[in-house]
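Chain by chain, the residues run as shown.
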Amino acid sequence: MEIITKIGSFIKTHALVSVIILATGLRIFNLSINPPELNWDEISMGYTSYSLLETGRDEWGEPWPTLFRSYGEWKSPVYIYLLIPFIKIIGLNAWGVRLPAALFGVLTVYLTYALGTRIYSRRVGLYAALLLAVSPWHLMLSRPAFEAGVALTLILAGLLFFLRSLDSKIPNLRSLLLSSVFFGLSIHTYHSAKIVVPLLLFYLAWVYRKVFTLKTLIYPVLILSFFAYPIARDVVTGKTQARYNQVGITTDAELTERFFRYRNTAPFGDLGNKLVFNKYTFILSKGFSNWTSYLSPHFLLGSSSIRAQHSIPFRGVLYFVEFALFVYGLFLLKKSTHPLRYLPIYIILVGFIPPALTKDIYHVLRSILTLPWWQIVAAVALVDLISKKYKYLKPIYFLLTVEVIIFLHSYFVWYPRAFARDWQYGHKEIASWIKENESKYKHIYMTKAYGEPQLFLAFYNKWDPTWYQSENKKLIEYESRGYPWLDQLPEYSLGKYTFRDINWPVDNGKNEMVFIGKGDDFWEGTPHPLSIYFPDGTPAFHVSEGK
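Every value quoted in this text rests on a predicted model; they were computed, and no experiment measured them.

(A) Inspection of the pattern of salt bridges at higher detail. Taken as a whole and assessed by the stated rule, the structure comprises 14 salt bridges. Two residues, Asp-167 and Arg-118, come together in a salt bridge whose shortest N-O distance is 3.0 Å. With a gap of 49 residues between them, Asp-167 in the loop between α8 (147-164) and α9 (173-186) and Arg-118 in helix α5 (residues 94-119) connect regions that are remote in the sequence. Taking relative accessible area as the criterion, Asp-167 reaches 53% and is therefore assigned exposed. Asp-384 is the partner of Lys-335 in a salt bridge, and the nearest nitrogen-oxygen pair spans 3.9 Å. In this pair, Lys-335 is assigned in the loop between α17 (320-330) and α18 (343-351) and Asp-384 in helix α20 (residues 373-387), connecting sequence segments 49 residues apart. Take Lys-335: its relative accessible area is 55%, and that puts it in the exposed class. Beyond isolated ion pairs, a larger network of salt bridges with shared partners links Asp-41, Glu-73 and Lys-75.

Here it is, written out as structure tokens:
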């Protein structure tokens, strides 16, 4: 009982420290095993950083690039370079790849406190930080190695230093330059930031248009131009928009075909039909539809996403109590006198533009840049209720606590078992078996049904990056053949490894070879030196030898 009293006393006197400790614990507890294994992007960024560390070149042989080919989507560079010292110290493993994201997630909680305090009040900042610390939306995206979370941290840091530059009558140049650096880095961390950051800067420039002179802005503009130049340069080569060409609205072939089919039957004449039904009206119409979907209770409170890597299916990204507080808080923002009192609404609205421009709806990860403004507005409401001594505060606390406990239990206990297949479970175990047994076989065939298996083997078995680069360069032909990703080639090889679909009626007769396939690739009764099962008991991989 005395211990509980001491803990309670510590929390009261060190509230912010307590929130940071909570946020840290939730983000690093069992970090290497929940999520249960590393996914494609984590593996790719980890091995790319390892290759740079060892050779100064990425896995395709490019020296210190500003965009990484990766699987063909041209990844932004900041997180990959950020990983290098962690992999050097911790090693090429889950901790080395995920710890930077987790630490940046904790830093985001602190920045939430700092921004909430500056714009509203210290109590608002403190409650907002607490809400973000236990947020399903933020917690699930700050444990895996998602570069989007790092971009969010950099944007918030840029905003904080921007506000610090205004602490004196004459804007502080040092803070303003740091702000520009953080904003500039963010657009090289995650693609969504390329849209959100310019719109945020436009908003800040408008609100504080009477504060800054052209002389004050010369150096910040030069810094931002420095960061913008590589993006503008890569627009010419097509690398910058490569990812959009894979996931953009117009890549939904069925929907676009139906839209343009209407042009042939519309009653407005040839010119009128083209004006009504064209690429730009399609993007505007579908984009607006997608954008409004993110503001719906279905996304925020219901089945937020079908992608179990980003959220727990069949539950929203906000708590019900949190959402109710947010709605109430919207009506309270006008009470603040700070010039940025309506910034939360603005960022939420523009933060949904990047995901709205893609074919996927309810994409939790691509909408992460709307955080932590939901929590800040909810905290405004909570502080108001506390100041009014609202008689139903205890039920609010109780319901929110129950929601938090249910989520944390679901995520830390149920999630690793139920959704292991969504995290490419089994590749680590397969890589370990191959490392011990590869010398027994002249050739190793592995299914590519799960996608890009070669990088999983390279990561877990620490393949020599120099050898990998030389073998990988031969495979760039996938681009000239019109494939957006390497594993869309019917078959490809690196040394003695070949990656393709397993055809057991044919492969069964090949001697001195081993075949690694998914659960249904082999005949019933086929002997397996190794079988890997998902935690729910269904087969992930079977290994069989040709006879």
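(B) Seen up close, the sheet that holds strand β5 (residues 530-533). Taking strand neighbours across the sheet as the criterion, the 6 strands line up as β2-β3-β1-β4-β6-β5 in an open arrangement whose pairing is mixed. Each edge of the sheet is formed by a strand with only one pairing partner; in this case those strands are β2 (492-494) and β5. The average angle at which neighbouring strand axes cross in this sheet is 15 degrees, direction not considered. Direction of pairing for β5 relative to strand β6 (residues 539-545): antiparallel, over a ladder of 4 bridges.

(C) How the structure looks around helix α21 (residues 393-418). With 26 residues, α21 ought to run about 38 Å at 1.5 Å a step, and its terminal C-alpha atoms sit 35 Å apart, in line with that. The largest bend in α21 comes to about 40 degrees, at Tyr-411. Along α21, the positions that sit buried rather than exposed are Leu-393, Ile-396, Leu-400, Glu-403, Val-404, Phe-407, Ser-410, Tyr-411, Phe-412, Tyr-415 and Pro-416. Next to the buried residues of α21 lie α2 (15-28), α6 (122-133), α7 (136-142), α17 and α20.

(D) The layout of surface pockets, seen in detail. Taken as a whole, the second largest pocket encloses approximately 450 Å³ of empty space. The wall of the second largest pocket is formed by 14 residues, among which Leu-130, Val-134, Leu-400, Thr-401 and Val-404 lie closest to the centre. Elements with a minimum of two residues in the lining of the second largest pocket: α2, α6 and α21. A total of 6 residues in the lining of the second largest pocket trace back to one element, the largest contributor, which is α21.

(E) Region of the structure containing the packing of aromatic side chains. The tally for this structure, following the rule as stated, stands at 41 aromatic pairs. Grouping aromatic residues by their ring pairs yields a cluster made of Phe-29, Tyr-319, Phe-407, Tyr-411, Phe-412, Trp-414, Tyr-415 and Phe-419. Over the aromatic face of Trp-206 sits the side chain of Arg-209, whose NZ or CZ is 3.9 Å from the ring centroid.

(F) Inspection of the packing of α2 against α5 at higher detail. At their nearest, the axes of α2 and α5 sit 9 Å apart, and the two run at 155 degrees to each other. Considering the angle they form, α2 stands roughly antiparallel to α5. For the pair α2 and α5, the crossing hand works out as right-handed. Between α2 and α5, the contacting residues are Leu-16, Val-19, Ile-20, Ala-23, Thr-24, Arg-27 and Ile-28 on the first element and Trp-95, Leu-99, Ala-102, Gly-105, Val-106, Val-109, Tyr-110 and Tyr-113 on the second. The class makeup of the residues in the contact of α2 with α5 is 12 nonpolar, 2 polar and 1 charged.

Conventions we followed
Residues numbered from 1 in each chain as written. Predicted model: local features only at pLDDT ≥ 70, side-chain atom pairs only at ≥ 80, totals over all residues. Heavy atoms only, no water. Salt bridge = Lys/Arg side-chain N within 4 Å of Asp/Glu carboxyl O. Helix = DSSP H or I, 4+ residues; strand = E, 2+ residues; numbered from the N terminus. Buried < 20%, exposed > 50% of the residue type's maximum accessible area, 1.4 Å probe, protein only. Pairing = 2+ DSSP bridges. Axes fitted to C-alpha atoms, helices over the stretch in contact; angles between N-to-C directions. Expected span 1.5 Å × (residues − 1). Bend = angle between axes of the 7 residues up to and from the residue. Contact = heavy atoms within 4.5 Å. 1 Å grid on protein atoms, 1.4 Å probe; cavity = no way out; pocket = protein on both sides within 12 Å on 5 of 7 lines; lining within 4 Å. Points joined across faces, edges and corners; volume = space filled by probe spheres on them. Phe/Tyr/Trp six-rings, centres within 6.5 Å; stacked < 30°, edge-to-face > 60°. Lys NZ or Arg CZ within 6 Å of the ring centre and 35° of its normal. Parallel < 35°, antiparallel > 145°, perpendicular 65-115°, else oblique. Left-handed = near helix turned anticlockwise from the far one by under 90°. Nonpolar A, V, L, I, M, F, W, Y, C, P; charged D, E, K, R; others polar.

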